[in-house]
Amino acid sequence: MPKILDGVAIAGQIKLEVAEEVKALAAQGIRPGLAAVLVGHVPASEIYVRSKVQTCADLGLYSDLLTPPDAVTTEEMLDVVRSLNDRDDIDGILIQLPLPKQVDTKILLDAVSPDKDVDGFHPVNAGRLQAGRPALAPCTPAGVIEILKRSGIPIAGQHAVVVGRSDIVGKPAAMLLLHENATVTICHSKTRDLGAVTRQADILVAAIGRPGFITPEMVKPGATILDVGINRITTREDFERYFAGNQKREAAFTKRGSTIVGDVHPQAFELAAAYTPVPGGVGPLTIAMLMSNTVRAAKMRRGL
Ligand SMILES: NC(=O)c1ccc[n+]([C@@H]2O[C@H](COP(=O)([O-])OP(=O)(O)OC[C@H]3O[C@@H](n4cnc5c(N)ncnc54)[C@H](OP(=O)(O)O)[C@@H]3O)[C@@H](O)[C@H]2O)c1
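Predicted, not measured: the structure shown is a model, and the values here were computed from it.

A. Spotlight on the sheet that holds strand 2 (residues 33–37). Read across the sheet, 3 strands follow the order 3-2-4 without closing on themselves; strand pairing throughout is parallel. Of all strands in the sheet, those bounded by a partner on one side alone are strand 3 (62–66) and strand 4 (92–95). Averaged over neighbouring strand pairs, the angle between their axes works out to 15° when direction is ignored. In the sheet, strand 2 pairs with strand 4 via 4 bridges, with the strands oriented parallel. Bridge pairing links Ala35 to Ile93 in strand 4. Against the sheet, helix 2 (residues 43–59) engages strand 2, strand 3 and strand 4, with an angle of about 155° to strand 3. Sitting on the sheet, helix 3 (residues 74–86) touches strand 2, strand 3 and strand 4, and the angle it makes with strand 4 is about 160°.

Shown next as structure tokens:
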């Protein structure tokens, strides 16, 4: 039976450690602070931001939620970011994406001070990460590494194959794995004979954004699989394709009319030595690492 890598439990451990650190900083008169900027009323974004703000409260961090209206301009958003860059009570700035069409996301993210860039999206942090300097790394790939390390899965010398090369998941995941001394291969939509490459993976990271894309014949038996994908499926046909015979999922699907599947077909997990389930695998790590990055930013900014 493959081992299920329990992201909820690992995220819980990290949050406990963050809460301890926050307590220790409080003794020095420091309270790490996160500013969350939520534009307009995108329901999924509202849920994400609410849970980030709640987690700050749970762990003792200060948080400030800013909610500019839907019609906000790039210039107005730049003013918001500049004022957060200047505030001493704010250590981390989170701009919830996506932003409305009229706002230039790239200009805005580049305006966030790299030292407060707790999402790790700023090119300065990408450069620091690549150069092996202290950097705020993007939360989801940082979570992937935490799962591997805390589960005792060796990384050094292993062949890690990352499918996906986005700036927020694939590329930084590959870089972090390289820093842990894995031999890393990055695949993408132009990779020839993808299955031949993924079948070589001791550690397979799937960050593609396509439901059940990694099928059993693309996996080496005994591999560790980290499934970053989050894809909502709503049709009975899709449900049967991924979860036929899974009674627990069936009940949830019937109740809600949808369920989540990762980028890895559930049958492919059966070949693995260990894997992260979806949901409950990589997902929970993202908020935990955001909290950890905020505390880290607070310390780095003060030279601690
Ligand atoms: N767990 C979390 O907290 C979390 C956080 C972020 C993202 N996610 C999920 O992770 C997934 C990836 O997110 P992302 O932001 O990295 O997505 P993205 O920006 O759309 O990137 C997808 C990557 O997959 C590659 N790809 C697409 N089709 C492919 C194919 N047929 N064969 C090989 N590679 C292919 C793309 O290649 P090209 O570069 O060649 O186009 C691209 O590099 C999504 O499901 C997203 O929802 C989860």
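B. View of helix 6 (residues 139–150). Taking 1.5 Å as the rise per residue, helix 6 with 12 residues should run 16 Å; its terminal C-alpha atoms sit 16 Å apart, in good agreement. Buried within helix 6 are the following residues: Cys139, Thr140, Pro141, Ala142, Gly143, Val144, Ile145, Ile147 and Leu148. At its buried positions, helix 6 is contacted by helix 1 (7–26), helix 7 (170–179), strand 7 (203–206), strand 8 (224–227) and helix 12 (283–301). One or two positions beyond helix 6, positive phi appears at Gly152, with a value near 70°.

C. View of the pattern of salt bridges. Applying the stated rule across the entire model yields 19 salt bridges. Its salt-bridge partner being Asp89, residue Arg87 comes within 3.0 Å of it at the nearest N-O pair. For Asp89, a relative accessible area of 32% translates into the label partly exposed. Here Arg236 ties to Glu240 by a salt bridge, and the two come within 3.1 Å at their closest N and O atoms. Of this pair, Arg236 and Glu240 both sit in helix 9 (residues 236–243), 4 residues apart, which is roughly one turn of that helix. We classify Glu240 as partly exposed; its relative accessible area is 37%. Three or more residues joined by partner-sharing salt bridges are found here, namely Asp88, Asp91, Arg301 and Arg302.

D. Structural context of the packing of aromatic side chains. In this structure the tally under the stated criterion is 4 aromatic pairs. Where Tyr242 meets Phe243, the ring centres are 6.4 Å apart and the plane angle is 65°; that geometry is what we call edge-to-face. For Tyr242, a relative accessible area of 9% corresponds to the buried category. Taken together, the ring pairs connect Phe239, Tyr242, Phe243 and Phe253 into an aromatic cluster.

E. Region of interest: the site of the ligand. Taken together, the neighbourhood of the ligand is formed by 22 residues, with Arg165, Ser166, His188, Ser189 and Thr286 sitting nearest. At a separation of 2.5 Å, an oxygen atom of the ligand approaches a polar side-chain atom of Ser166. In this structure, an oxygen atom belonging to the ligand sits 2.8 Å away from a side-chain N or O atom of Thr286. Coverage of the ligand by the protein amounts to 71% of the 920 Å² it exposes when considered alone. In terms of residue class, the shell around the ligand is built from 9 nonpolar, 10 polar and 3 charged.

Parameters and conventions
- Residues numbered from 1 in each chain as written.
- Predicted model: local features only at pLDDT ≥ 70, side-chain atom pairs only at ≥ 80, totals over all residues.
- Heavy atoms only, no water.
- Pairing = 2+ DSSP bridges.
- Helix = DSSP H or I, 4+ residues; strand = E, 2+ residues; numbered from the N terminus.
- Axes fitted to C-alpha atoms, helices over the stretch in contact; angles between N-to-C directions.
- Contact = heavy atoms within 4.5 Å.
- Expected span 1.5 Å × (residues − 1).
- Buried < 20%, exposed > 50% of the residue type's maximum accessible area, 1.4 Å probe, protein only.
- Salt bridge = Lys/Arg side-chain N within 4 Å of Asp/Glu carboxyl O.
- Phe/Tyr/Trp six-rings, centres within 6.5 Å; stacked < 30°, edge-to-face > 60°.
- Near = heavy atom within 4 Å.
- Polar contact = N/O pair within 3.5 Å; in protein donor to acceptor, adjacent residues only side chain to side chain.
- Areas by Shrake-Rupley, 256 points an atom, 1.4 Å probe, with all protein chains shown as cover.
- Nonpolar A, V, L, I, M, F, W, Y, C, P; charged D, E, K, R; others polar.

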